[in-house]
Amino acid sequence: MAFDVAGEAYDLFMGRYSIPLAQLLIAEVGIAPGDRVLDVGCGPGSMTSLLVEILGAERVAAVDPSPPFVEAVRRRLPGVATHLAGAELMPFPDTGFDAAIANLVVPFMADPDAGLREMRRVVRDGGVVAATAWDHMGAGAPLAPFWSAVIAVEPDALDESTQAGAGEGDLETVLSTAGLREVRGLSFTVRVTHPTFEDWWEPYTLGVGPAGDYLRQTAPELRARIEESARELLGGGPFDVTGRAWCAIGAR
């Protein structure tokens, strides 16, 4: 499993991009005190912690299919109702939330259509369902430099451009198919400064996500060539990495 890793590994790998993205998404959805919100595919709790700051732990729930991530959220945010579950079947009654949010999760759902239908089920009438996904198809994801370095060395390698939600308009289609109304699409951009090449590279060696899985399975010689390819592309640092994410928001 691409996410059978410690929460701290995910924090280093993707947390520094997903936290500013989550802040933008929360603001766009309009989460306000008094709301009850579900974080779908919560990971180790980046978005969950932001929701708790706004709403209080008692008004936030979270689910994720990764046992280490669920353990991390329960440890970090003990007041949050956190469950080990995938988006496709969640242990909540109908219409119990004002909003259900999936930040960078749709590409990893076993069945995105079923996952979005389930998110629609658990929000009240007029409630909001929102999702984001990196622009892998347009090479706008923050992982684009990594995959560029890989393909320069191994041209036949499969990147993440075929994932669900990777293309412009894909998320709007999934939400509309799931029965959401007034679906609108937009994009967000985040920028992270890496002080050194090592600061950027080391998280890829922790085995997180498809990129981490790919690197972990490569032979040491090939891994070294990919590292050198990436260093030639990015330099020694400091440098900025920019990520564009697609977003879709709809109402039940």
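Looking at an unreviewed UniProt entry, one finds the protein chain named Class I SAM-dependent methyltransferase, with Protaetiibacter mangrovi as its source organism.

A.B. asks: Can you lay out helix α5 (residues 144-153) for me, pointing to particular residues and giving the numbers?
C.D. replies: In terms of burial, α5 is a largely internal element, seven of the ten residues being buried. The complete set of buried residues in α5 reads A144, P145, F146, W147, A149, V150 and V153. Here the buried face of α5 lies against α7 (197-201), α8 (209-217) and α9 (220-234).

A.B. asks: Explain the packing of α5 against α9 to me, using residue names and the numbers behind them.
C.D. replies: Axis separation between α5 and α9 bottoms out at 8 Å; the angle between their running directions is 125 degrees. Relative to α9, the element α5 is oriented oblique. Considering only the axes of α5 and α9, their crossing is right-handed. Across from P145, F146, S148, A149, V150, A152 and V153 in α5, the residues of α9 making contact are L222, R225, I226, S229, A230, L233 and L234. When grouped by side-chain class, the residues that make up the contact of α5 with α9 number eleven nonpolar, two polar and one charged.

A.B. asks: With reference to specific residues and values, describe the sheet that holds strand β2 (residues 60-64).
C.D. replies: Read across the open sheet, the seven strands follow the order β3-β2-β1-β4-β5-β7-β6; overall the sheet is mixed. Each edge of the open sheet is held by one strand with a lone partner, namely β3 (81-84) and β6 (181-194). Averaged over all neighbouring strand pairs, the angle between strand axes comes to 15 degrees, with direction disregarded. Across four bridges, the pairing between strand β1 (residues 37-40) and β2 is parallel. Looking across to β2, one finds that L38 is bridged to A61. Strands in contact with helix α6 (residues 170-177) are β5 (123-134), β6 and β7 (239-251); relative to β7, the strand with the most contacts, it is inclined by about 25 degrees.

About the thresholds
In every chain, residue numbers begin from 1 and rise along the written sequence. Where local features are concerned, this predicted model is filtered to residues with pLDDT of at least 70; where side-chain atom pairs are given and counted, the filter is 80 or more; whole-chain, interface and lining totals use all residues. Just so you know, side-chain values use all the structure's heavy atoms and leave hydrogens and water out. Partly exposed describes any residue whose relative accessible area lies between the buried limit of under 20% and the exposed limit of over 50%, with all areas from a 1.4 Å probe on protein chains only and scaled to the type maximum. In this text, helices come from DSSP runs of H or I with a minimum length of four residues, and strands from runs of E with a minimum of two, each type numbered from the N-terminal end. Contacts are residue-level and defined by heavy atoms, with any inter-residue pair within 4.5 Å sufficient. In this description, a line fitted to the C-alpha atoms serves as the axis of each element, helices being fitted only across the stretch in contact, and the angle between N-to-C directions of two axes falls anywhere from 0 to 180 degrees. These descriptions rest on fixed angle ranges, namely under 35 degrees for roughly parallel, over 145 for roughly antiparallel, 65 to 115 for roughly perpendicular, and the rest for oblique. By convention the crossing between two helices is left-handed if the near helix lies anticlockwise of the far one by an angle smaller than a right angle, and right-handed if it lies clockwise. Here the nonpolar group is Ala, Val, Leu, Ile, Met, Phe, Trp, Tyr, Cys and Pro; Asp, Glu, Lys and Arg are the charged ones; every other residue, Gly included, is treated as polar. Strand pairing requires that DSSP identify at least two bridges connecting the strands.

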